[in-house]
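Listed below, chain by chain, are the residues.
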Amino acid sequence: MSQIGLFSAEEPEQTIDAPRRVLKPSKQPGLRYGPTAGVGRVFFDLETRSHEDLKLVGGRVYATHPSTEILCAVFLRDQEIRIWVPIWEHTLDVRDLVPADALLDLDEYLISVHQDPDPGFLRDWLSSSSFVGHNASEFDRYVWEAIFPEHAPMCWEDTIPLCRRAGLPASLDEVGRVLWGQGKASGKSLMKRLSKPSKKTGTFPAISRSSVSALTAYCVQDVLLLTRLVREELGEVWRTADDLVLRADAEINERGALLDVELAQAIVDMETSLRDRRGRSLRAATEGSLTRKALRSQLQFRSWLLEYGVDVPNVQRETLETVLEEESLDPLVREAIYGRLGETRITSSKLQRALVALDPDHRMRHILRYHAAHTARWGGRRFQPQNLPRGVLAPDDLTRMIEICLTGDADAFEAALPPGVNVSSALGSLIRPCVRAPEGKTLGCADYAAIEARGLYWVARYEVGLDDFRADLDPYKAFASKALKKPYEDISKSERKLFKPAVLGAGYQIGGAKLEAYASGMGVDLRSLGWSGQQLVDVWRDLHPTIAGSRTGDKISGIPIRTGGLWKDFQNAALDIADSGGETEVGRCHLSSRRGHLVCRLPSSREIIYREARVDAIVPVWGGMARDTVTFGKVLGAKVIRASQHGGKWVENVVQAICRDLFAEALVRITDRFQGRAGIVLHVHDEIVWEQEPNEKLFEEVVATMVEVPAWATGFPIKAEGFLHPRFVKEPPAGGPEIMKNA
């Protein structure tokens, strides 16, 4: 086949002055995540190009850009493949598009080539089929509906959520490697080259007959791999998919959260202004030795600190914040540390990512990622709502600092900082409130109270702890009361603070050193309160034998040896299943072996799949001799690694997954019951945020819906609490009502 291009090295420069395309609400049923009776399936893949950056802005904004166009597409239904190359004006046939050796692999298919400018040749399939794509929900369908709104299929089906449920990576290429030892062949680098314009000229690379052939072959590989994935691997997951949750997730992501663009841009500008000013001031004060480059350099900044008598092991944030606590610190060193912290943590970067990916109505869409963790908990994209700064400003200070930030007056902003609050922390506190309600509405914000602690006790059937929650006792005071053998009413604030880290951290077999570090992250110095981490761990375990086991009387390195308990029950059950197969019940869950995978069926009937589970000799994370441990394939980023976990980690997986299912079912109930009255815009960990009319009765109804207990979770003591506010904040307004509901 000729490798000579038919066009010049680059196409003529394009001037994009057309308006963005408008994505209209679909009149079709929309996304489906399971097979539909009587509806055929078309497996497909699109290859596109655009002046828009897909990773930066997301599929929806990418699709509406006027430069976005389809280079080629491949559609497969039953034993027929239709190849579409609308970008190429010269006549093509199958031999131009698929190499001869590949044709041998496609003998079983009837293949046709189409070059029409619109997809009318698909009319018979569009009217009778569900179109199945890998990332159909967030890319393919948007591109298709933006360019060809009159040619929508019956519905779309996306395989990425199903891969995540099956314990597989989201990348189709990596899925092929994991399942069959072979991903896609060449073509990825060519696709990247053709899909983006030149950074120098702003023009797209030329399309040649050879590049069309390679691109189409790449697209065919995608579709064949997708077809095999669905037919051979995803059948079981498809049949058990939590379809209602995925539908609610799609609706929430489609609605999106409203961003206060004026405030977001003001924060970006304020941070830039203050950082530049501090950089100039420090450079002048140090006669040019402390430049912004030196502030960012670990080696240079640590050397500079040494010159001023400050010897630190590193210049990490936690270390420098400890140095800032010294009252006698040289003012110049203090200012330099603030400069270092400001240079290495760009508070507004999250907002910058959000601003470039906004829809014209200023809503951030598809910022929530379904099944981001093995337990099926959600993750985030771009704006990343799951890791927003909690904030250090009191409600009144927050309102005041927002008003000052909007003026753009950097001097006034610095002058108004509350005592002990630096610029970076204050600006970080303003990020969350950038999510706001539209005019005439307010935000309902409510989260579950100590949901994992409740879940742990429920899984372990620890009735003493469950009764404390049912009596609406403070869990930290209740534990302190038992540990100190003092009446609940006599527990002081400092005692409550001391025992809080153990309630939140000790339930998953955390060790003493790690509990101390965990407590420190919460602002609790256990040593200063007269306790070591190991002492607190031992007390927690002694009071929770159904979880941690009972003391045998022996010790290793001073740590009591225990027998029985939920941690060991899960660990032993997982070892038995991975080694010998079979099935068993443990901790309200059902463990079994299926096709070499360890499958944990939760009380909700949803499954967690631990792929290719086996028993290996592993040295525990806390040291000692190698011991039999279950290892399995776990998705980490785009890859699959070999992972292992101890009994406490098995329990953590199960508890988090059960709490996720309770949370997910609440999302479904609210979505279904409050259509047009309360629309969820985002959720973070155990917190739900929705838009509604400023009506307290409606708010109470939504919170009451959150705490309904499904039949499979009978006896689980759920509690939720929240408030109304025009912005997304962590604390209720001063003097404002806070609503609490118990199951």
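Caption draft 1: Highlighting the overall build of the protein. Across its full length, the protein carries 30 helices and 24 strands. In summary, the protein has a C-alpha radius of gyration of 29 Å against a globular reference of 27 Å for 743 residues, a match within 12%. Dimensions of the protein, computed from the C-alpha atoms along their principal axes, are close to 85 × 70 × 55 Å. Taken over 743 residues, the protein has a buried fraction of 53%. A fraction of 66% describes how many contacts in the protein between residues 6 or more apart in sequence connect residues 24 or more apart. For the protein, the exposed surface amounts to about 33,100 Å²; the carbon and sulfur share of it is 50%. Taken as two groups, the 95 positive and 102 negative side-chain charges of the protein have centres that lie 2 Å from each other.

Caption draft 2: Local environment of the nonpolar core. Counting residues in hydrophobic clusters, the biggest one holds 136 residues, and the most contacted among them are Phe413, Leu430, Leu682 and Trp690. By size, the runner-up hydrophobic cluster in this structure holds 39 residues, among which are Cys72, Tyr109, Ile207 and Val230.

Caption draft 3: The pattern of salt bridges, seen in detail. The full count for this structure, using the stated rule, is 51 salt bridges. Residues Arg660 and Asp242 are paired through a salt bridge, measuring 3.0 Å at the closest nitrogen-oxygen approach. Here Asp242 lies in the loop between helix H10 (235-240) and helix H11 (243-255) and Arg660 lies in helix H29 (residues 647-673), a separation of 418 residues in the sequence. You can call Arg660 buried: its relative accessible area is 4%. Here Arg255 ties to Glu251 by a salt bridge, and the two come within 3.2 Å at their closest N and O atoms. Here Arg255 and its partner Glu251 are both found in helix H11, four residues apart, which amounts to about one turn of the helix. We classify Arg255 as partly exposed; its relative accessible area is 25%. Under the relative-accessibility criterion, Glu251 is labelled partly exposed at 27%. It is possible to trace a salt-bridge network through shared partners that takes in Arg60, Arg141, Glu254, Asp359, Asp361 and Arg365.

Caption draft 4: The arrangement of the side chain of Arg541 in detail. Topologically, Arg541 is positioned in helix H26 (residues 533-543). Despite its burial, Arg541 pairs with no opposite charge; the closest candidate is Asp538, at 5.3 Å N-O. Arg541 has contacts with Gln509, Ile510, Ala548, Gly549, Arg562 and Trp567, leaving out every residue within four places of it along the chain.

Caption draft 5: Expanded view of the packing of aromatic side chains. For the structure shown, the criterion picks out 27 aromatic pairs. Ring geometry for Phe632 against Trp650: centres 6.1 Å apart, planes inclined by 50°, an arrangement best described as tilted. Residue Phe632 is located in strand S19 (residues 627-636), and its partner Trp650 is located in helix H29; the two are separated by 18 residues in the primary sequence. Relative accessible area serves as the criterion here: at 1%, Phe632 is assigned to the buried category. The side chain of Arg432 reaches across the aromatic face of Phe728, ending 4.9 Å from its centre. Arg588 extends its terminal NZ or CZ atom over the ring of Trp458, reaching a point 4.0 Å from the ring centre.

Caption draft 6: A look at the environment of Phe43. With respect to the secondary-structure elements, Phe43 resides in strand S2 (residues 40-49). Taking C-alpha positions, Phe43 is 9.2 Å from Asp78, a pair spaced 35 residues apart along the chain. Residues in contact with Phe43, not counting those within four places in the same chain, are Val74, Phe75, Leu76, Val132, Val223, Leu226, Thr227, Val230 and Arg231.

Caption draft 7: Just H11, in detail. In this model, H11 (13 residues) spans 19 Å end to end at C-alpha, consistent with the 18 Å of a helix rising 1.5 Å per residue. All of the buried residues along H11 are Val245, Leu246, Ala248, Asp249, Ala250, Ile252 and Asn253. Positive phi shows up at Gly256, right after H11, with a value of about 75°.

Caption draft 8: Summary view of the sheet that holds strand S18 (residues 607-618). Strand order across the open sheet formed by six strands is S15-S16-S17-S18-S19-S20, with antiparallel pairing between neighbours. Every interior strand has two partners, whereas the edge strands, strand S15 (583-586) and strand S20 (639-644), have only one. Within the sheet, the average angular offset between the axes of one strand and its neighbour, ignoring direction, is 30°. In this structure, strand S16 (residues 589-594) lies alongside strand S17 (residues 597-601), joined through five bridges in antiparallel fashion. Of the residues in S17, the one forming a bridge with Ser592 is Val599.

Caption draft 9: Region of interest: the pairing of strand S7 (residues 155-158). The side-chain alternation of S7 yields two buried faces, one formed by Cys155 and Glu157 and the other by Trp156 and Asp158. Taken together, strand S6 (residues 129-133), helix H5 (residues 136-147) and S7 form a β-α-β motif whose crossover is right-handed.

Caption draft 10: Structural detail: helix H1 (residues 54-64). Extensive coverage of H1 is indicated by the burial of eight of its eleven residues. Turning to H1, its buried residues number three or more, namely Val57, Gly58, Gly59, Arg60, Val61, Tyr62, Ala63 and Thr64. Along its buried surface, H1 packs onto S2, H5, H11 and helix H17 (349-356). Put simply, Asp53 is the residue that caps the front of H1, since its side-chain oxygen is 3.1 Å from the backbone nitrogen of Lys55.

Rules behind the numbers
- Residues numbered from 1 in each chain as written.
- Predicted model: local features only at pLDDT ≥ 70, side-chain atom pairs only at ≥ 80, totals over all residues.
- Heavy atoms only, no water.
- Helix = DSSP H or I, 4+ residues; strand = E, 2+ residues; numbered from the N terminus.
- Rg over C-alpha atoms; globule rule 2.2 N^0.38 Å.
- Buried < 20%, exposed > 50% of the residue type's maximum accessible area, 1.4 Å probe, protein only.
- Contact = heavy atoms within 4.5 Å.
- Areas by Shrake-Rupley, 256 points an atom, 1.4 Å probe, with all protein chains shown as cover.
- Lys, Arg positive; Asp, Glu negative; His and termini not counted.
- Charge placed at Lys NZ, Arg CZ, Asp CG, Glu CD.
- Core = buried A, V, L, I, M, F, W, Y, C linked by side-chain atoms within 4.5 Å.
- Salt bridge = Lys/Arg side-chain N within 4 Å of Asp/Glu carboxyl O.
- Phe/Tyr/Trp six-rings, centres within 6.5 Å; stacked < 30°, edge-to-face > 60°.
- Lys NZ or Arg CZ within 6 Å of the ring centre and 35° of its normal.
- Expected span 1.5 Å × (residues − 1).
- Pairing = 2+ DSSP bridges.
- Axes fitted to C-alpha atoms, helices over the stretch in contact; angles between N-to-C directions.
- Right-handed = clockwise from strand over helix to strand, strands pointing away.
- Polar contact = N/O pair within 3.5 Å; in protein donor to acceptor, adjacent residues only side chain to side chain.

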